[in-house]
Number of protein chains: 2
Amino acid sequence: MIRTLADTAYSLEERQLADFAKALGHPVRIQILKILINQSCCFTGNLTEIFPLAQSTISQHLKALKEAGLIQGEIMPPKVRYCLNKEKWPLVQTLFKELLKL
Amino acid sequence: MIRTLADTAYSLEERQLADFAKALGHPVRIQILKILINQSCCFTGNLTEIFPLAQSTISQHLKALKEAGLIQGEIMPPKVRYCLNKEKWPLVQTLFKELLKL
DNA sequence: TTTGTTTATCGCAAATATACGATGAATATA
DNA sequence: TATATTCATCGTATATTTGCGATAAACAAA
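This text gives an overview of the structure that appears in the document. Just so you know, these numbers come straight off a predicted model, no measurement behind them.

### Concerning the sheet that holds strand 3 (residues 79-84) of chain A
All names here are of chain A.
Logical step 1: Pairing is antiparallel in the open sheet, where 3 strands are placed in the order 1-3-2. Single-partner strands in this sheet number two, and they are strand 1 (42-43) and strand 2 (71-76).
Logical step 2: As paired strands, strand 1 and strand 3 are joined by 2 bridges and run antiparallel to one another. The residue of strand 3 that forms the bridge with Cys42 is Tyr82.
Logical step 3: Set on the sheet, helix 3 (residues 27-38) makes contact with strand 1, strand 2 and strand 3; between it and strand 3 the angle comes to about 80°.

### Re the packing of helix 6 (residues 89-100) of chain A against helix 6 (residues 89-100) of chain B
Logical step 1: Axis separation between helix 6 of chain A and helix 6 of chain B bottoms out at 11 Å; the angle between their running directions is 165°. Comparing the axis directions of helix 6 of chain A and helix 6 of chain B gives the class roughly antiparallel. Crossing of helix 6 of chain A against helix 6 of chain B: the hand is left-handed. Contacts between helix 6 of chain A and helix 6 of chain B pair Trp89, Val92, Gln93, Phe96 and Leu100 of chain A from the former with Trp89, Val92, Gln93, Phe96 and Leu100 of chain B from the latter.

### What to know about the pattern of salt bridges
Residue and element names in this part refer to chain B.
Logical step 1: Inspection of every chain in the model, using the stated rule, returns 4 salt bridges over all chains.
Logical step 2: With a shortest N-O distance of 3.1 Å, Glu74 and Arg81 are connected by a salt bridge.
Logical step 3: Note on Arg81: relative accessible area 30%, which makes it partly exposed.

### Things to note about the state of the cysteines
Residues and elements named next belong to chain A.
Logical step 1: Counting across every chain of the model gives 2 disulfides over all chains.
Logical step 2: Note on cysteine connectivity: Cys41 is disulfide-linked to Cys83, with sulfurs 2.0 Å apart. Disulfide Cys41-Cys83: the torsion about the S-S bond is 115°, which places it as right-handed. Remark: Cys83 occurs in strand 3 and Cys41 occurs in the loop between helix 3 and strand 1; sequence separation between them is 42 residues.
Logical step 3: For Cys83, a relative accessible area of 7% corresponds to the buried category.
Logical step 4: In this structure Cys42 is a free cysteine whose sulfur lies 7.7 Å from that of Cys41, the closest cysteine sulfur available.
Logical step 5: A residue is classified by how much of its surface remains accessible, and Cys42, at 5% relative accessible area, is buried.

So, how was this worked out
Residues numbered from 1 in each chain as written. Chains lettered and ligands numbered in written order. Predicted model: local features only at pLDDT ≥ 70, side-chain atom pairs only at ≥ 80, totals over all residues. Heavy atoms only, no water. Pairing = 2+ DSSP bridges. Helix = DSSP H or I, 4+ residues; strand = E, 2+ residues; numbered from the N terminus. Contact = heavy atoms within 4.5 Å. Axes fitted to C-alpha atoms, helices over the stretch in contact; angles between N-to-C directions. Parallel < 35°, antiparallel > 145°, perpendicular 65-115°, else oblique. Left-handed = near helix turned anticlockwise from the far one by under 90°. Salt bridge = Lys/Arg side-chain N within 4 Å of Asp/Glu carboxyl O. Buried < 20%, exposed > 50% of the residue type's maximum accessible area, 1.4 Å probe, protein only. Disulfide = S-S within 2.5 Å.

Now the structure itself:
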(Lines give C-alpha, C1' and ligand atoms only; values in the text may rest on other atoms or scores of the structure.)
Protein backbone atom coordinates (compact mmCIF):
# COMPACT_ATOMS: atom_id res chain seq x y z
CA MET A 1 0.00 0.00 0.00
CA ILE A 2 1.27 3.42 -0.90
CA ARG A 3 1.09 6.00 1.85
CA THR A 4 2.74 9.34 1.64
CA LEU A 5 1.59 12.54 3.26
CA ALA A 6 -1.52 10.80 4.41
CA ASP A 7 0.31 8.91 7.11
CA THR A 8 0.89 12.05 9.09
CA ALA A 9 -2.24 13.84 7.98
CA TYR A 10 -4.45 12.17 10.53
CA SER A 11 -4.67 13.16 14.16
CA LEU A 12 -3.92 10.67 16.89
CA GLU A 13 -7.57 10.54 17.81
CA GLU A 14 -8.65 9.84 14.25
CA ARG A 15 -6.17 7.00 13.97
CA GLN A 16 -7.22 5.62 17.33
CA LEU A 17 -10.87 5.75 16.41
CA ALA A 18 -10.23 4.13 13.04
CA ASP A 19 -8.27 1.36 14.77
CA PHE A 20 -11.06 0.76 17.26
CA ALA A 21 -13.65 0.75 14.50
CA LYS A 22 -11.60 -1.59 12.36
CA ALA A 23 -11.37 -4.05 15.23
CA LEU A 24 -15.16 -3.90 15.55
CA GLY A 25 -15.54 -4.51 11.82
CA HIS A 26 -16.27 -8.22 12.01
CA PRO A 27 -19.38 -9.86 13.46
CA VAL A 28 -17.40 -12.44 15.41
CA ARG A 29 -15.44 -9.71 17.13
CA ILE A 30 -18.66 -7.83 17.85
CA GLN A 31 -20.02 -10.96 19.50
CA ILE A 32 -16.86 -11.59 21.49
CA LEU A 33 -16.89 -8.03 22.71
CA LYS A 34 -20.56 -8.26 23.63
CA ILE A 35 -19.78 -11.29 25.77
CA LEU A 36 -16.99 -9.48 27.55
CA ILE A 37 -19.12 -6.40 28.08
CA ASN A 38 -22.16 -8.25 29.35
CA GLN A 39 -20.76 -11.15 31.32
CA SER A 40 -17.33 -10.02 32.40
CA CYS A 41 -14.36 -12.16 31.38
CA CYS A 42 -13.98 -15.45 29.57
CA PHE A 43 -11.39 -17.95 28.41
CA THR A 44 -10.43 -18.68 24.84
CA GLY A 45 -11.84 -22.15 25.31
CA ASN A 46 -15.29 -20.82 26.09
CA LEU A 47 -15.36 -19.02 22.77
CA THR A 48 -14.25 -22.01 20.72
CA GLU A 49 -17.30 -23.82 22.08
CA ILE A 50 -19.62 -21.00 21.08
CA PHE A 51 -18.39 -20.19 17.60
CA PRO A 52 -18.24 -22.56 14.63
CA LEU A 53 -14.65 -21.55 13.99
CA ALA A 54 -11.29 -23.17 14.50
CA GLN A 55 -9.44 -22.44 17.72
CA SER A 56 -6.69 -20.74 15.77
CA THR A 57 -9.21 -18.43 14.14
CA ILE A 58 -10.72 -17.42 17.47
CA SER A 59 -7.25 -16.77 18.78
CA GLN A 60 -6.57 -14.47 15.84
CA HIS A 61 -9.74 -12.49 16.46
CA LEU A 62 -8.79 -12.15 20.11
CA LYS A 63 -5.38 -10.92 19.04
CA ALA A 64 -6.98 -8.30 16.81
CA LEU A 65 -9.17 -7.06 19.64
CA LYS A 66 -6.20 -7.06 22.00
CA GLU A 67 -3.89 -5.20 19.63
CA ALA A 68 -6.56 -2.58 19.07
CA GLY A 69 -6.65 -2.09 22.83
CA LEU A 70 -10.25 -3.18 23.26
CA ILE A 71 -9.51 -6.20 25.43
CA GLN A 72 -6.71 -7.53 27.57
CA GLY A 73 -5.58 -11.06 28.35
CA GLU A 74 -4.44 -12.40 31.68
CA ILE A 75 -2.44 -15.60 31.69
CA MET A 76 -3.81 -18.16 34.13
CA PRO A 77 -1.92 -21.28 33.17
CA PRO A 78 -2.75 -23.11 31.16
CA LYS A 79 -5.62 -20.80 30.26
CA VAL A 80 -5.83 -17.18 29.28
CA ARG A 81 -8.61 -15.06 30.62
CA TYR A 82 -9.77 -12.17 28.47
CA CYS A 83 -11.54 -9.08 29.78
CA LEU A 84 -12.32 -5.64 28.51
CA ASN A 85 -9.31 -3.36 28.54
CA LYS A 86 -10.34 -1.26 31.50
CA GLU A 87 -7.77 1.42 30.78
CA LYS A 88 -8.70 1.99 27.16
CA TRP A 89 -12.43 1.46 27.39
CA PRO A 90 -13.29 5.02 28.48
CA LEU A 91 -11.37 6.30 25.46
CA VAL A 92 -13.29 3.97 23.19
CA GLN A 93 -16.54 5.26 24.59
CA THR A 94 -15.46 8.89 24.40
CA LEU A 95 -14.23 8.76 20.82
CA PHE A 96 -17.35 7.09 19.47
CA LYS A 97 -19.53 9.32 21.59
CA GLU A 98 -17.88 12.42 20.19
CA LEU A 99 -17.96 11.24 16.60
CA LEU A 100 -21.58 10.21 16.68
CA LYS A 101 -22.62 13.12 18.85
CA LEU A 102 -24.28 10.88 21.40
CA MET B 1 -12.68 -16.98 2.40
CA ILE B 2 -14.47 -19.98 3.80
CA ARG B 3 -17.71 -19.25 5.54
CA THR B 4 -20.10 -21.93 6.63
CA LEU B 5 -22.44 -21.85 9.59
CA ALA B 6 -20.98 -18.55 10.61
CA ASP B 7 -22.81 -16.69 7.88
CA THR B 8 -26.14 -17.27 9.52
CA ALA B 9 -24.84 -17.29 13.07
CA TYR B 10 -24.85 -13.53 13.40
CA SER B 11 -27.92 -11.45 14.04
CA LEU B 12 -28.94 -8.70 11.65
CA GLU B 13 -27.92 -6.10 14.18
CA GLU B 14 -24.49 -7.62 14.67
CA ARG B 15 -23.89 -7.66 10.94
CA GLN B 16 -25.13 -4.11 10.58
CA LEU B 17 -22.94 -2.90 13.39
CA ALA B 18 -19.92 -4.72 11.98
CA ASP B 19 -20.58 -3.15 8.58
CA PHE B 20 -20.84 0.32 10.06
CA ALA B 21 -17.68 -0.20 12.10
CA LYS B 22 -15.82 -1.56 9.12
CA ALA B 23 -16.69 1.54 7.12
CA LEU B 24 -15.34 3.65 9.96
CA GLY B 25 -12.15 1.62 10.01
CA HIS B 26 -10.01 4.00 7.98
CA PRO B 27 -8.84 7.46 9.05
CA VAL B 28 -9.78 9.08 5.74
CA ARG B 29 -13.32 7.84 6.09
CA ILE B 30 -13.40 9.05 9.69
CA GLN B 31 -12.38 12.48 8.46
CA ILE B 32 -14.89 12.52 5.62
CA LEU B 33 -17.63 11.56 8.02
CA LYS B 34 -16.57 14.22 10.48
CA ILE B 35 -16.87 16.82 7.75
CA LEU B 36 -20.36 15.66 6.84
CA ILE B 37 -21.42 15.57 10.48
CA ASN B 38 -20.05 18.97 11.36
CA GLN B 39 -20.58 21.05 8.27
CA SER B 40 -23.49 19.37 6.52
CA CYS B 41 -22.92 18.27 2.94
CA CYS B 42 -20.03 18.51 0.51
CA PHE B 43 -19.01 17.66 -3.03
CA THR B 44 -16.44 15.08 -4.06
CA GLY B 45 -14.34 17.90 -5.41
CA ASN B 46 -14.09 19.55 -2.02
CA LEU B 47 -12.59 16.40 -0.60
CA THR B 48 -10.01 15.95 -3.34
CA GLU B 49 -8.69 19.38 -2.41
CA ILE B 50 -8.44 18.48 1.25
CA PHE B 51 -6.88 15.04 1.06
CA PRO B 52 -3.54 14.14 -0.52
CA LEU B 53 -5.16 11.30 -2.40
CA ALA B 54 -6.18 10.71 -5.99
CA GLN B 55 -9.72 11.59 -6.98
CA SER B 56 -10.41 7.95 -7.74
CA THR B 57 -9.31 6.96 -4.25
CA ILE B 58 -11.60 9.51 -2.63
CA SER B 59 -14.41 8.24 -4.78
CA GLN B 60 -13.77 4.72 -3.56
CA HIS B 61 -13.90 5.78 0.07
CA LEU B 62 -17.15 7.61 -0.58
CA LYS B 63 -18.50 4.46 -2.16
CA ALA B 64 -17.53 2.45 0.92
CA LEU B 65 -19.31 4.91 3.21
CA LYS B 66 -22.32 4.94 0.93
CA GLU B 67 -22.60 1.17 0.64
CA ALA B 68 -22.39 0.87 4.41
CA GLY B 69 -25.35 3.24 4.61
CA LEU B 70 -23.51 5.97 6.46
CA ILE B 71 -23.83 8.60 3.75
CA GLN B 72 -25.91 9.27 0.68
CA GLY B 73 -25.12 11.03 -2.59
CA GLU B 74 -27.35 13.39 -4.52
CA ILE B 75 -26.54 14.02 -8.17
CA MET B 76 -26.38 17.73 -9.00
CA PRO B 77 -24.84 17.73 -12.46
CA PRO B 78 -22.05 17.75 -12.98
CA LYS B 79 -21.38 17.42 -9.27
CA VAL B 80 -22.47 14.97 -6.61
CA ARG B 81 -23.37 16.22 -3.20
CA TYR B 82 -22.78 13.89 -0.30
CA CYS B 83 -24.58 14.12 3.03
CA LEU B 84 -25.13 11.89 6.01
CA ASN B 85 -27.66 9.17 5.39
CA LYS B 86 -30.46 10.65 7.42
CA GLU B 87 -32.49 7.47 7.42
CA LYS B 88 -29.74 5.21 8.67
CA TRP B 89 -27.98 7.60 11.01
CA PRO B 90 -30.27 6.99 14.00
CA LEU B 91 -29.59 3.26 13.65
CA VAL B 92 -25.85 3.90 13.57
CA GLN B 93 -26.14 5.91 16.76
CA THR B 94 -28.37 3.38 18.45
CA LEU B 95 -26.24 0.35 17.67
CA PHE B 96 -23.01 1.91 18.86
CA LYS B 97 -24.76 3.36 21.87
CA GLU B 98 -26.10 -0.03 22.85
CA LEU B 99 -22.84 -1.85 22.29
CA LEU B 100 -20.75 0.63 24.22
CA LYS B 101 -23.39 1.19 26.85
CA LEU B 102 -23.34 4.94 26.41
C1' DT C 1 10.25 -37.26 32.98
C1' DT C 2 6.20 -37.94 30.45
C1' DT C 3 1.51 -36.81 29.36
C1' DG C 4 -2.45 -33.91 28.85
C1' DT C 5 -4.51 -29.29 28.54
C1' DT C 6 -4.77 -24.88 26.75
C1' DT C 7 -3.50 -21.31 23.85
C1' DA C 8 -0.54 -18.85 20.44
C1' DT C 9 1.85 -18.84 16.26
C1' DC C 10 3.30 -20.44 11.64
C1' DG C 11 2.43 -21.37 6.83
C1' DC C 12 -0.65 -21.46 3.35
C1' DA C 13 -4.69 -20.09 0.24
C1' DA C 14 -8.37 -17.18 -1.00
C1' DA C 15 -10.79 -12.93 -0.45
C1' DT C 16 -10.90 -8.11 0.41
C1' DA C 17 -8.94 -3.46 0.84
C1' DT C 18 -6.20 0.37 -0.73
C1' DA C 19 -3.87 3.06 -3.86
C1' DC C 20 -2.98 4.85 -8.55
C1' DG C 21 -3.63 6.36 -13.54
C1' DA C 22 -6.57 5.92 -17.42
C1' DT C 23 -10.92 5.97 -19.21
C1' DG C 24 -15.96 6.49 -19.49
C1' DA C 25 -20.46 8.75 -18.47
C1' DA C 26 -23.30 12.66 -17.74
C1' DT C 27 -24.22 17.27 -18.28
C1' DA C 28 -23.63 22.31 -19.03
C1' DT C 29 -21.77 25.68 -22.07
C1' DA C 30 -19.67 27.64 -26.13
C1' DT D 1 -21.66 19.73 -32.46
C1' DA D 2 -17.63 20.23 -29.81
C1' DT D 3 -15.46 21.25 -25.38
C1' DA D 4 -14.94 21.48 -20.46
C1' DT D 5 -16.21 19.91 -15.90
C1' DT D 6 -17.15 16.55 -12.52
C1' DC D 7 -17.33 12.18 -10.84
C1' DA D 8 -17.48 6.99 -11.17
C1' DT D 9 -15.52 2.91 -12.76
C1' DC D 10 -11.97 -0.13 -14.74
C1' DG D 11 -7.59 -2.39 -14.59
C1' DT D 12 -3.59 -3.25 -12.02
C1' DA D 13 -0.32 -3.80 -8.15
C1' DT D 14 0.42 -4.49 -3.44
C1' DA D 15 -1.02 -5.16 1.36
C1' DT D 16 -4.10 -6.87 4.62
C1' DT D 17 -7.68 -9.90 6.30
C1' DT D 18 -9.72 -14.24 7.16
C1' DG D 19 -9.86 -18.93 7.42
C1' DC D 20 -7.75 -23.56 8.21
C1' DG D 21 -4.59 -27.34 9.94
C1' DA D 22 -0.24 -28.23 11.96
C1' DT D 23 2.91 -27.22 15.32
C1' DA D 24 5.07 -24.92 19.27
C1' DA D 25 4.99 -23.08 23.96
C1' DA D 26 3.70 -23.02 28.76
C1' DC D 27 2.42 -25.33 32.52
C1' DA D 28 -0.05 -28.80 35.72
C1' DA D 29 -0.41 -33.42 37.01
C1' DA D 30 0.78 -38.22 36.93
